[in-house]
Structures are given as C-alpha cells and as structure tokens.
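Residues per chain are reported as follows:
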Amino acid sequence: MLVGVRLGGGNRAAVEAHLDELAQLVDTAGGVAVARLVQERVSPDPATFIGRGKVGELAELVRAQCAALVVFDDDLSGAQVRHLEEALPDEVKVMDRAGVILDIFALRARTREAQTQVEMAQLAYHLPRLTRRWSHLSRQAGGIGTRGVGETQLESDRRLIRKRMAILAARLEEIERERSVQRSRREALPSIALVGYTNAGKSTLFERLTGTDTVVEDRLFATLDARVRRVDLGDGLVATVADTVGFIRKLPHHLVASFRSTLAEAADAEICVHLVDASHPEWAEHLRVGEEVLESLGVERGRSMIVLNKVDRLESPSAVRLPDRPALCVSARRGDGVEALRAALRTQVLDLPGIEVLRFALEGGQALQVALSTEVVLARRFSDQGIEIIVRRR
Ligand SMILES: Nc1nc2c(ncn2[C@@H]2O[C@H](COP(=O)(O)OP(=O)(O)OP(=O)(O)O)[C@@H](O)[C@H]2O)c(=O)[nH]1
Ligand SMILES: [Mg+2]
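The rules behind these values
- Residues numbered from 1 in each chain as written.
- Chains lettered and ligands numbered in written order.
- Predicted model: local features only at pLDDT ≥ 70, side-chain atom pairs only at ≥ 80, totals over all residues.
- Heavy atoms only, no water.
- Core = buried A, V, L, I, M, F, W, Y, C linked by side-chain atoms within 4.5 Å.
- Buried < 20%, exposed > 50% of the residue type's maximum accessible area, 1.4 Å probe, protein only.
- Helix = DSSP H or I, 4+ residues; strand = E, 2+ residues; numbered from the N terminus.
- Domains from an automatic or database assignment.
- Axes fitted to C-alpha atoms, helices over the stretch in contact; angles between N-to-C directions.
- Parallel < 35°, antiparallel > 145°, perpendicular 65-115°, else oblique.
- Left-handed = near helix turned anticlockwise from the far one by under 90°.
- Contact = heavy atoms within 4.5 Å.
- Pairing = 2+ DSSP bridges.
- Right-handed = clockwise from strand over helix to strand, strands pointing away.
- Expected span 1.5 Å × (residues − 1).
- Arc of directions from axis to C-beta.
- Salt bridge = Lys/Arg side-chain N within 4 Å of Asp/Glu carboxyl O.

### A few points about the nonpolar core
Ranked by size, the top nonpolar core spans 34 residues in total, and within it Leu 2, Leu 25, Ala 193, Val 195 and Cys 272 carry the most contacts. The set of elements that each furnish at least two residues to this core consists of helix 1 (12-28), helix 4 (97-108), helix 5 (112-126), strand 5 (191-196), helix 10 (260-267) and helix 11 (283-296). With six residues, helix 1 is the largest single contributor of residues to this core. Residues from two domains meet in this core; each of domain 1 (2-106) and domain 3 (189-351) gives at least three. One finds Phe 206, Leu 209, Leu 275 and Leu 352 within the second-largest nonpolar core, a separate group that totals 29 residues.

See the structure below:
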C-alpha cells in the first residue's frame, strides 16, 4: 500500500507522480504496489501523519488488499511508525520512502565501500526509530514495572549501535583515504564525472564513452559504486570518467552523508556531466533535484554541463528545451550525439586551468625534450607541420 499526502493544498498531479516513483522503488526492492491512498491535510498529524480517521480507512484497505507493507512517501518519525503499526492489522509493517531506498541500497551493495556506507546509513536511520519496548516482557508482567527493564534494553541496544557506527566511521575514513590516494595518482589526468537522476542513462553513456561493459538496467539505483575509467576525447587526449550513484528526490540526508566517499568522485571532478532523461515526464524536476544535490556537494554551475539523454524517444527534439542554457542532446543507447559530446568535453578540457597546447617544429628537438621531461603530457600528435603536445602544468 502506498500512502501520499497532499499538504497545504499542494499539487495533486505532483503527489501522484511521486507515488508513481515510489511504486517503482517498491518494485525495485522486490515488492508489488497493490493500491494507493492519498490524503489531504493542512499539516501532518504528529501521531499518525495522516490523522486518526484516515488510519481507519487505511486499515480497511490493507485488509481488503491483504497488503503486508504500507509505505509512506514522506519521512515518518519513530513514534508515527509505532502508532500506525498499532492501528493496522498484526504483522503489517510501516515504512517510509527513505526506508525503501535503504533497502534497495542494501540489496545492491557489492563492494566493501558500498556495504560499509549502506550499513552506516541503515544504523543512522534506525537509531532514532528504536522506540519499541520489549513486548514479551511487558506482556508477561502486565506492563507494570517493566518500564525500567524495557528502557534499559533500549539503552543497551542504542549503545551497541553507536559502537558499531564508530567502527564503521573509522573504516569509511580509511576507505576515503585510499580513494583520495587513488585520485591523487590520477590527478594529472583531467577528471569528468557523469552525474544525474537515477535511471537517466549514466552507465549507458559511460559504456559508450569508455567502451567498457557496465551494469545497465531499467531499474532505479543500478549503480552504487563510483567507477573510474580512462576515456579518449579524440586525437589521443585522455581524461578519466566516473560513473556514479544516481540522485533521487527526498534522498535522506544521512544517506548522502554516508555516501560521501562515493559522491566525492563527483564533487572533485573538474567537469560534471549532468545527464537528464529528457523522455521522462518529470525531467524538469529531475534536473532541479540534480542541481540541488550538485550544489550541496559544492559543484559550481560553471563546472557542470547539462546533457539531455534518450532523445530517440522524443517525437521532436525541440519538445524539451532549457530556458536559460544550451544543452547537448544525446541518445546514449543509439549513440546519437555522443561524438559531439566527446568533442564538447575535449573543448572543455582544453579550457581547464593549467592545460596548454604546445607546438614544435619537427626538428625542434631540444625545446621539445625539455617540455616532455618537465610537464605532464596528456596527448601528442604528429603532423606535417610538426609535433603538437598537450600538457598540464602543475
Ligand atoms: N531509449 C533510450 N533508453 C536509454 C538511453 N540511455 C539509457 N537508456 C535506458 O535507460 C535505462 C537506465 O540506464 P542506465 O544506464 O542503467 O541508467 P543509470 O543512470 O546508470 O541508472 P542508475 O545507475 O540506476 O542510477 C536502461 O534501460 C537503458 O537501456 C537512450 O539514449 N535511449
Ligand atoms: Mg548506473
């Protein structure tokens, strides 16, 4: 059962679009959405989010549909989850969007880095929600005098979680150090990151640009780890390109914090290619969410380049247009526009600070030798006129 709330006279279509996406998330997590309930309220009810009356209606629907799980599109507090579970038939669980996203991340995490980040995010998510009393104890003693026992148990649970989180934090710090060592080894090469909303086609484009096989799926969050490969930008000019974890609206903050080392790949890139699925009805919101995340990562506008993907699905390419900026249009799947993108990236790289193109006559031996030995050479090209090298000065 999916539950959405239209707060303060918000847009009904937007609530439905968010629930469509929530249904997709539930599907990715291995569930099936059987029905949805939308409630209108001025503000959320502190105890049940949707209000007592609506909870009765929800319980009826859950019973009628034999639903096992109720997912709210908005964040719920620990107390709200508890109140809702009490009011619903036994065994029915209540979760929010963040809980589903975490579940997907846990399913997808493969590397040690991703697993550590996911576990950290899960503990951070569960810590404030750890409010249940030990029901077997309170039932035995009729609830009287068990308060102390329950609280003690809860306290020791919390202590255990905090201890585990400290261990994970240390491990993540170590992983982050490793990553930054790797990054500094690659430092001489210009760095490009592919970023954007989940399912925008980042991995497909990564594959196109680098010629490697990657996991491409019509699923949310197919990629959880940042992967970095070399990319040829034409005429032998090389850079690194990173495929990254996708963004989504209402991405929980603790999750962003836990995924810092993965997202650092985007934050540190000299050029961010912000990929947007132009065939998605909500593309404009995806673009906005992406820009927000990039801003929170400290990526300035000048460093990012918007690229509209999946144009093969559009009836006319002019159907999607950005009001204030030019954007390249590509089809990562079919390959249209990818070479133009490569050329645009090449131009951007040549514009980066410290990058210079040096030309030497064929017999310009000495000066060329000096340049080759003192600069980082990114590309060299021979022609009738002489030798051209692209260097990066430090
Ligand atoms: N029609 C069409 N489909 C595309 C295009 N590019 C990617 N797709 C499809 O879109 C889906 C998602 O592609 P991915 O490359 O996995 O997307 P992603 O951005 O890496 O997604 P996450 O890793 O989940 O964030 C796949 O089914 C792709 O085949 C395109 O240019 N046109
Ligand atoms: Mg991907």
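### Structural notes on the packing of helix 4 against helix 5
The contact between helix 4 and helix 5 brings their axes to 10 Å, and the two run at 155 degrees. Taken together, helix 4 and helix 5 sit at an angle that is classed as roughly antiparallel. Pair helix 4 / helix 5 crosses with left-handed handedness. Of the residues in helix 5, those touching helix 4 at Ala 98, Gly 99, Leu 102, Phe 105 and Ala 106 are Val 118, Ala 121, Gln 122 and Tyr 125.

### What about the pairing of strand 3 (residues 69-72)?
Relative to strand 3, strand 1 (residues 2-7) runs parallel, the two being bridged by two bridges. By the bridge assignment, Val 3 is partnered in strand 3 with Phe 72. Of the pairings in the sheet, the one linking strand 3 to strand 4 (residues 93-96) comprises four bridges and is parallel in character. Bridge pairing in strand 4 links Phe 72 to Asp 96. Handedness of the strand 3-helix 3 (residues 78-87)-strand 4 crossover: right-handed.

### Observations regarding the sheet that holds strand 3
Taking strand neighbours across the sheet as the criterion, the four strands line up as 2-1-3-4 in an open arrangement whose pairing is parallel. Two strands lie at the open edges of the sheet, namely strand 2 (36-41) and strand 4, each paired on one side alone. Each neighbouring strand pair of the sheet contributes to a mean axis angle of 25 degrees, computed without reference to strand direction. Lying on the sheet, helix 1 is in contact with strand 1, strand 2 and strand 3; it crosses strand 1 at an angle near 155 degrees. Its contacts with the sheet place helix 2 (residues 52-65) against strand 1, strand 2 and strand 3, and it is angled at close to 175 degrees to strand 2.

### Quick notes on helix 2
Over its 14 residues, helix 2 runs 20 Å from end to end, which matches the ideal 20 Å to within 8%, given 1.5 Å per residue. For helix 2, the complete set of buried residues consists of Lys 54, Val 55, Leu 58, Ala 59 and Val 62. Taken around the axis of helix 2, the buried residues stretch over an arc of 150 degrees, which confines them to a single face. Exposed and oriented more than 90 degrees from the buried face of helix 2 are Gly 53, Glu 60 and Ala 64. Residue Cys 66 follows helix 2 closely and has a positive phi angle near 55 degrees.

### Details of the environment of Ile 389
Examined against the element boundaries, Ile 389 turns out to sit in strand 13 (residues 387-392). The contacts of Ile 389, once residues within four sequence positions are left out, are Glu 356, Val 357, Leu 358, Phe 360, Leu 368, Ala 371, Leu 372, Val 377, Ala 379 and Arg 380.

### With respect to the sheet that holds strand 9 (residues 304-309)
Within a sheet, neighbouring strands are paired by backbone hydrogen bonds and run either parallel or antiparallel to one another. Ordered by their spatial adjacency, six strands build an open sheet running 6-7-5-8-9-10, and the pairing between neighbours is mixed. The open sheet terminates on both sides in strands that have one partner only, identified here as strand 6 (227-232) and strand 10 (328-329). Relative to strand 10, strand 9 runs parallel, the two being bridged by two bridges. Residue pairing for strand 10: Val 307 is matched across the bridge by Leu 328. Sitting on the sheet, helix 12 (residues 338-351) is in contact with strand 5, strand 6, strand 8 (271-277), strand 9 and strand 10, with an inclination near 180 degrees to strand 9.

### Here we look at the pairing of strand 9
One face of the sheet, then the other: side chains in a regular strand alternate in exactly this way. Burial runs high along strand 9: six of the six residues are buried. Where strand 8 meets strand 9, six bridges bridge the pair, whose relative direction is parallel. Bridge assignment links Leu 275 to a residue of strand 9, and that residue is Val 307. A crossover links strand 8 with its parallel partner strand 9, the connecting element being helix 11, and its sense is right-handed.

### Side note on the pattern of salt bridges
According to the stated counting rule, one finds 25 salt bridges in the structure shown. Between Asp 235 and Arg 346 there is a salt bridge whose closest N-O contact spans 4.0 Å. On the criterion of sequence distance, the pair formed by Asp 235 in the loop between strand 6 and strand 7 (238-243) and Arg 346 in helix 12 is long-range, its members being 111 residues apart. On the basis of relative accessible area, Asp 235 is assigned to the partly exposed category, the value being 44%. Close ionic contact of Arg 381 with Glu 388 constitutes a salt bridge, the shortest N to O distance being 2.9 Å. In this structure, a network of salt bridges that share partners links the residues Glu 21, Asp 73, Arg 97, Arg 249, Glu 282, Glu 285, Arg 288 and Glu 292.

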